[in-house]
Amino acid sequence: MRLVTHVHDGEERPGTLVPHGAGDRLLDLATVLGAGVTVTDVLADAALGARARDAVAGADPASLPSADDVRLAPPVRPGAILCLGYNYRGHVPDGEDPTTNDPEFPDVFVKTPNTLSGPDDVVALPAVADDVDYEGEIAVVIGRRAHAVSVEDAMDHVAGYTLFDDVSDRSWQRRQSQWALGKCFDGFGQLGPAVVTADEVPDFHDLTVEVVRDDVVTVSQSTSTMVFRLPFLVSYLSQVMTLEPGDVVSTGTPQKLPDALATHRPLADGDAVTIRVTGLGALTTRFAGTARTTAQNEGANA
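Note that this is a predicted model, so its numbers are computed, not measured.

### Considering helix H3 (residues 46-58)
Alright, step 1. Here H3 contains 13 residues, and its C-alpha end-to-end distance of 18 Å stays within 8% of the 18 Å for a straight helix at 1.5 Å per residue.
Alright, step 2. For H3, the complete set of buried residues consists of Leu 48, Gly 49, Ala 52 and Ala 55. Down the axis of H3, the smallest arc covering the buried residues is 120°, so these residues share one side. Among the exposed residues of H3, those oriented more than 90 degrees off its buried face are Ala 46, Asp 54, Ala 57 and Gly 58.
Alright, step 3. Turning to H3, the residues buried within the fold contact strand S3 (23-28), helix H1 (30-33) and helix H2 (39-44).
Alright, step 4. Its side-chain oxygen placed 2.9 Å from the backbone nitrogen of Ala 47, Asp 45 serves as the N-cap of H3.

Structure (structure tokens):
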């Protein structure tokens, strides 16, 4: 299933995307599962999940509204948003061991709840942020409480996958050894559009993460090149904190392609970036605001 949270008369309700022709239709699961049920509940409760699947199987897509006409909120509202830095290997010359420069442990940081935004939200560029950048990632959604789980059992606690834009301001990130301020501006964690349940993804480590900006692919790399594989990550994090249903673990971003690195340009008003992964869909982040570029700041300080 592809589970979403949609906004109906100001209320967030669970739904699922049903393919129809070249697009998707929305099945409102609140009419099936009852008031107050969330996507997290569907992911965590096998009985609710089975009822949702039955509803999808019995639905007539032609009778459902187009998903394009529905406003989507973040698919889940996580209690914790955990992120990985430097979790993809860069280019390795032929004949060299690709693991030579692997770190010993994952580089883990936290994004705070104020960063969460949905796929239809516009991300505001703060005036004090002068080097806003994007990071296209696959996020894992926990469906079953995980505390000190083994690597072998870790995937039993993963309910599904979605896309995440770890928006970051590099200038604030460079101000300190801890990245929190550069990572935690309001809205700097766009999540969605849907949680694709784990049974729909045969091999997490056989996906390609692509990011497109200005009609140019700036990131393209396989999850097979991750330094720390998903079962290890879930197990590792669960040794420290109990992961609860709905919590999100964002698995890191690949390095930008050489041309994109060489022509880095901070995000500006009107810019848009699209993250796409076959099987997981696409997430477009749109930016608006008054963030200044580095060049403008240098001019102002001259």
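### A short note on the nonpolar core
Alright, step 1. With 44 residues, the main nonpolar core has Ile 138, Tyr 161 and Leu 280 as its most contacted residues.
Alright, step 2. Of all the secondary structure elements, the ones that give two or more residues to this core are strand S5 (81-85), strand S8 (122-125), strand S10 (136-142), strand S11 (158-166), strand S14 (208-213), helix H6 (230-238), strand S17 (272-277) and strand S18 (281-289).
Alright, step 3. Other than its neighbours up to four places away in sequence, Tyr 161 contacts Ile 138, Ala 139, Val 140, Met 155, Ala 194, Val 195, Val 196, Ala 198, Val 201, Phe 204, Leu 230 and Leu 280.
Alright, step 4. Core analysis: the next-biggest nonpolar cluster, separate from the first, contains 27 residues, Leu 33, Ile 81, Leu 116 and Phe 164 among them.

### Here we look at the pattern of salt bridges
Note that side chains of opposite charge can pair when their charged atoms are close.
Alright, step 1. In the structure shown here, the tally under the stated rule is 20 salt bridges.
Alright, step 2. For Arg 170, the salt bridge is made with Asp 133, and the minimal N-O distance between the two is 3.2 Å. On the criterion of sequence distance, the pair formed by Arg 170 in helix H4 (residues 170-173) and Asp 133 in strand S9 (residues 132-133) is long-range, its members being 37 residues apart. The pair Arg 170 / Asp 133 is uniform in exposure class, with both members buried.
Alright, step 3. A salt bridge links Arg 213 to Asp 271, with the nearest nitrogen and oxygen atoms 3.0 Å apart. Of the two residues, Arg 213 sits in strand S14 while Asp 271 sits in the loop between helix H7 (258-262) and S17, which places them 58 residues apart along the sequence. For the pair Arg 213 and Asp 271, a shared accessibility class is recorded, and that class is buried.
Alright, step 4. Residues participating in the shared-partner salt-bridge network are Lys 111, Asp 133, Glu 135, Asp 166, Arg 170, Lys 183 and Lys 256.

### Focus on the sheet that holds S17
Alright, step 1. Read from one edge to the other, the open sheet built from 5 strands follows the order S8-S18-S17-S14-S15, with strand pairing classed as mixed. Edge positions in the sheet fall to S8 and strand S15 (216-222), since each of these pairs with one other strand and no more. Each neighbouring strand pair of the sheet contributes to a mean axis angle of 20°, computed without reference to strand direction.
Alright, step 2. Where S14 meets S15, 6 bridges bridge the pair, whose relative direction is antiparallel. Residue pairing in the sheet places Glu 210 in a bridge with Ser 220 of S15.

Calculation rules
Each chain carries its own residue numbering, running from 1 in the direction its sequence is written. Selection of residues for local features in this predicted model requires a pLDDT of at least 70, selection of side-chain atom pairs for listing and counting requires 80 or more, and totals for whole chains, interfaces and linings are taken over all residues. Excluded from the side-chain calculation are hydrogens and water; included are all heavy atoms of the structure. Here a strand is any run of E in DSSP of at least two residues, a helix any run of H or I of at least four, and the numbering for each starts at the N terminus. In a helix, the anticipated span is given by 1.5 Å times the number of residues less one. Buried means the residue's accessible area, taken with a 1.4 Å probe over protein chains only, is under 20% of the maximum for its type, while exposed means over 50%, and partly exposed covers the values in between. In this description, the arc belongs to the directions extending from the helix axis to the C-beta atoms. The contact criterion used is simple: two residues touch if any of their non-hydrogen atoms lie within 4.5 Å. What qualifies as a polar contact is a pair of N or O atoms within 3.5 Å, subject to a donor-acceptor requirement within protein and to the restriction that residues adjacent in sequence count only when both atoms come from side chains. Take the buried residues of types Ala, Val, Leu, Ile, Met, Phe, Trp, Tyr and Cys, join any two whose side-chain atoms come within 4.5 Å, and each joined set is a nonpolar core. Any Lys or Arg side-chain nitrogen located within 4 Å of an Asp or Glu carboxyl oxygen qualifies as a salt bridge. In this scheme, strands are said to pair when DSSP sees at least two bridges between them. Here an axis means a line fitted to C-alpha atoms, over the contact stretch when the element is a helix, while the angle between two N-to-C directions is reported on a 0 to 180 degree scale.

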